[in-house]
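Here's the letter readout for the chains.
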Amino acid sequence: GTRARSCLLLVCVLAGVTGDEASAQAAENEGTIQAESEPSPGDPPLREFTLAELRKYDGSDVDLPVLLALKGTVFDVTSGKKFYYPGKPYAHFAGRDVTRNTAMFNKDPSTLDRTDFPKKREKYLNK
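If you're wondering where the values come from, they're calculated on a predicted model, not measured in any experiment.

Some points on the overall build of the protein chain
Looking only at helices and strands, the protein chain has 4 helices and 4 strands in total. Across the 127 residues of the protein chain, 39% fall into the buried class. Taking all contacts inside the protein chain whose residues are at least 6 apart in sequence as the whole, residues at least 24 apart take part in 50%. Carbon and sulfur atoms make up 54% of the accessible area of the protein chain, which amounts to about 7000 Å² in all.

Here it is, written out as structure tokens:
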């Protein structure tokens, strides 16, 4: 469904991440982030997350889904085990907001949880 397409798109976007330099430090943002879509039967209810809450969903607890946020929407990327689980190439994105990293094509962990980016990079988030 929508959740699977969203995850696939996110994996494709993040797979194109280059090593673009970013000098700004990660900013602590305790705003809430909305889950991506209405839950299917058996899914946990739709909810909002603070960044601190989102960090619990980083793949280190096998009983929890692996989540990440992009543009204020939370995505369940549990099906992307080969990318997001501990020890995998994008594990540092799990449980974090990847908005700036995606806009900047950047894997730098110091820019996680930031939602600011140059306006000209917005086109990369709207695909």
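Here's the deal with the environment of Lys 123
Note on placement: Lys 123 falls in the segment after helix H4 (99-104). When its relative accessible area of 51% is taken as the criterion, Lys 123 is described as exposed. Spatially, the C-alpha atom of Lys 123 lies 8.0 Å from that of Ala 103, the residues being 20 residues apart in sequence.

As for the environment of Lys 107
Considering the arrangement of structural elements, one finds Lys 107 in the segment after H4. Note: C-alpha distance between Lys 107 and His 92 (15 residues apart in sequence) is 8.6 Å.

Here we look at the confidence of the model for the protein chain
Detailed reading of the predicted model is not advised wherever pLDDT is low. Scored by pLDDT, the protein chain has a mean of 75; 65% of the residues are at 70 or more. Per-element confidence in the protein chain is highest for helix H2 (residues 51-54), whose mean pLDDT is 95, and lowest for helix H1 (residues 2-15), whose mean pLDDT is 40.

Examining the pattern of salt bridges
Under the counting rule described, the total for this entry stands at 6 salt bridges. Notably, a salt bridge pairs Arg 100 with Asp 116, separated by 3.4 Å at the nearest N-O pair. Remark: Asp 116 occurs in the segment after H4 and Arg 100 occurs in helix H4; sequence separation between them is 16 residues. Using a relative accessible area of 36% as the deciding quantity, one classes Asp 116 as partly exposed. When salt bridges that share partners are traced, they join Arg 55, Arg 96 and Asp 113 into one network.

Topic: the side chain of Asp 97
Here Asp 97 shows up in the loop between helix H3 (81-84) and H4. For the buried Asp 97, no salt bridge exists, and the shortest N-O distance to an oppositely charged side chain is 8.8 Å, to Arg 96. Engagement of the side chain of Asp 97 in a polar contact is seen with the side chain of Thr 99, the distance being 2.6 Å.

So, the nonpolar core
With 14 residues, the main nonpolar core has Val 66, Leu 68, Val 77, Tyr 84, Phe 93 and Val 98 as its most contacted residues. Within the second largest apolar cluster, 7 residues are counted, among which are Phe 49, Leu 51, Tyr 57 and Val 74.

Thoughts on unusual backbone geometry
Despite not being glycine, Lys 71 shows a phi value in the positive range, around 55 degrees. Positionally, Lys 71 belongs in the loop between strand S3 (67-70) and strand S4 (73-76). Backbone geometry places Asp 113, a non-glycine residue, at a positive phi of 70 degrees. Positionally, Asp 113 belongs in the segment after H4.

Definitions and cut-offs
- Residues numbered from 1 in each chain as written.
- Predicted model: local features only at pLDDT ≥ 70, side-chain atom pairs only at ≥ 80, totals over all residues.
- Heavy atoms only, no water.
- Helix = DSSP H or I, 4+ residues; strand = E, 2+ residues; numbered from the N terminus.
- Buried < 20%, exposed > 50% of the residue type's maximum accessible area, 1.4 Å probe, protein only.
- Contact = heavy atoms within 4.5 Å.
- Areas by Shrake-Rupley, 256 points an atom, 1.4 Å probe, with all protein chains shown as cover.
- pLDDT = per-residue confidence, 0-100.
- Salt bridge = Lys/Arg side-chain N within 4 Å of Asp/Glu carboxyl O.
- Lys, Arg positive; Asp, Glu negative; His and termini not counted.
- Polar contact = N/O pair within 3.5 Å; in protein donor to acceptor, adjacent residues only side chain to side chain.
- Core = buried A, V, L, I, M, F, W, Y, C linked by side-chain atoms within 4.5 Å.

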